[in-house]
Amino acid sequence: MASIVGISSNPEKSRLLWQTKVSDMHDWLVVSHFPLQQLAIINGLSYADAHNADFKIETGDPGSMWYVYRFDYITYKSKIIKPHAK
């Protein structure tokens, strides 16, 4: 099973987006929050390293609160390529 740790200024939006990208997402948790993006990055990297997880940095408002989140999943969903009509 794989895990992702990430930072976001909008964790609910991130959760909804990840649900479309990975299969069998579970154990979603907002681990902590920080007033500065750089503090969230430092703590998120440390958390990801301690839990052998991939780390993702999302874009967001630099002046907002930043959240460190984590979740487990089985695999990334495949993109389905539809043939063009001729």
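Here, every reference points to the structure presented above.
### A short note on the nonpolar core
Right, so step 1: In terms of nonpolar packing, the biggest core is built from ten residues, these being Val5, Ile7, Phe34, Ala40, Ile41, Ala48, Ala53, Phe55, Trp66 and Val68.
Right, so step 2: Of all elements in the fold, only strand S1 (2-8), helix H2 (37-50) and strand S5 (66-73) reach the threshold of two or more residues within this core.
Right, so step 3: The leading source of residues in this core is H2, at three residues.
Right, so step 4: Of all hydrophobic cores here, the second largest spans seven residues; its members include Ile4, Val22, Tyr69 and Phe71.

### Notes on helix H1 (residues 11-21)
Right, so step 1: Along H1, the residues classified as buried are Pro11, Ser14 and Trp18. End-on view of H1: buried residues confined to an arc of 50°, all on one side of the axis. Exposed and oriented more than 90 degrees from the buried face of H1 are Lys13 and Thr20.

Criteria and cut-off values
Residues numbered from 1 in each chain as written. Predicted model: local features only at pLDDT ≥ 70, side-chain atom pairs only at ≥ 80, totals over all residues. Heavy atoms only, no water. Core = buried A, V, L, I, M, F, W, Y, C linked by side-chain atoms within 4.5 Å. Buried < 20%, exposed > 50% of the residue type's maximum accessible area, 1.4 Å probe, protein only. Helix = DSSP H or I, 4+ residues; strand = E, 2+ residues; numbered from the N terminus. Arc of directions from axis to C-beta.

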